[in-house]
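# Coordinate analysis (summary)
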Amino acid sequence: MRLFYKVDPTKYRDLMNRVRDEFDLHEEIDEERTTLTREEEERIELVRGSFDPSEDDLAMVRVVILDDSLREFFDSVFGEPYKVKR
C-alpha cells in the first residue's frame with residue numbers, strides 16, 4: 001500500500017524523526033529529500049519525504065508499507081493521506 005501525505009513544513013523534520021525512531025529505520029538525506037528504509041523489508045518498504053523551502057509550501061511524504069495494519073500509525077503521525085494506492 002502506498003500512502004501520500006501533505007505535511008506542514010514546520011513539523012516535517014520532527015515527524016520524520018518520530019517515524020525513524022519508532023521503526024529503527026536508516027536515514028539518508030540528499031538535498032531536499034529524506035529517505036527512511038530498513039534492510040529487512042518485512043513491514044515497511046520505504047518512507048520518503050521531500051521539502052525544498054525555496055520552492056515548496058508543503059512537505060510531501062510517501063509511505064510504502066507491506067503491512068496494512070501500519071496505516072493507522074502513519075495516519076496518526078502525518079494526518080489523513082491525500083491519496084492511497086494499493
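Residues numbered from 1 in each chain as written. Predicted model: local features only at pLDDT ≥ 70, side-chain atom pairs only at ≥ 80, totals over all residues. Heavy atoms only, no water.

## Things to note about the pairing of strand S3 (residues 33-37)
- Here strand S2 (residues 26-30) runs beside S3; their pairing, made up of five bridges, is antiparallel. Bridge pairing links Glu 28 to Thr 35 in S3.
- Here S2 folds back onto S3 in antiparallel fashion, the turn holding two residues, of which Glu 31 has a positive phi close to 55°.
- Pairing analysis gives four bridges linking S3 to strand S4 (residues 44-50), with the strands arranged antiparallel. By the bridge assignment for S4, Arg 33 is matched with Ser 50.
- Taking the residues between adjacent antiparallel strands as the criterion, S3 and S4 are bridged by six residues. (Pairing = 2+ DSSP bridges. Helix = DSSP H or I, 4+ residues; strand = E, 2+ residues; numbered from the N terminus.)

## A short note on the environment of Glu 39
- Within the element layout of this structure, Glu 39 appears in the loop between S3 and S4.
- For the pair Glu 39 and Asp 52, spaced 13 residues apart in sequence, the C-alpha to C-alpha distance is 27 Å.

## Section: a negative patch on the surface
- Taken together, the side chains of Glu 28, Asp 30, Glu 31, Glu 32 and Glu 55 define an acidic patch exposed on the protein surface.
- Tracing the chain through its elements places Glu 32 in the loop between S2 and S3. (Patch = residues over 30% accessible without salt bridge, like charges linked within 9 Å, V, L, I, M, F, W, Y side chains within 5 Å. Areas by Shrake-Rupley, 256 points an atom, 1.4 Å probe, with all protein chains shown as cover. Salt bridge = Lys/Arg side-chain N within 4 Å of Asp/Glu carboxyl O. Lys, Arg positive; Asp, Glu negative; His and termini not counted. Charge placed at Lys NZ, Arg CZ, Asp CG, Glu CD.)

## A look at helix H2 (residues 71-78)
- Three or more residues of H2 are buried, namely Phe 73, Phe 74, Asp 75, Val 77 and Phe 78.
- The inward-facing, buried residues of H2 contact strand S1 (2-7), helix H1 (9-23), S4 and strand S5 (59-65).
- In the segment just after H2, Gly 79 is the residue with positive phi, at about 95°. (Buried < 20%, exposed > 50% of the residue type's maximum accessible area, 1.4 Å probe, protein only. Contact = heavy atoms within 4.5 Å.)

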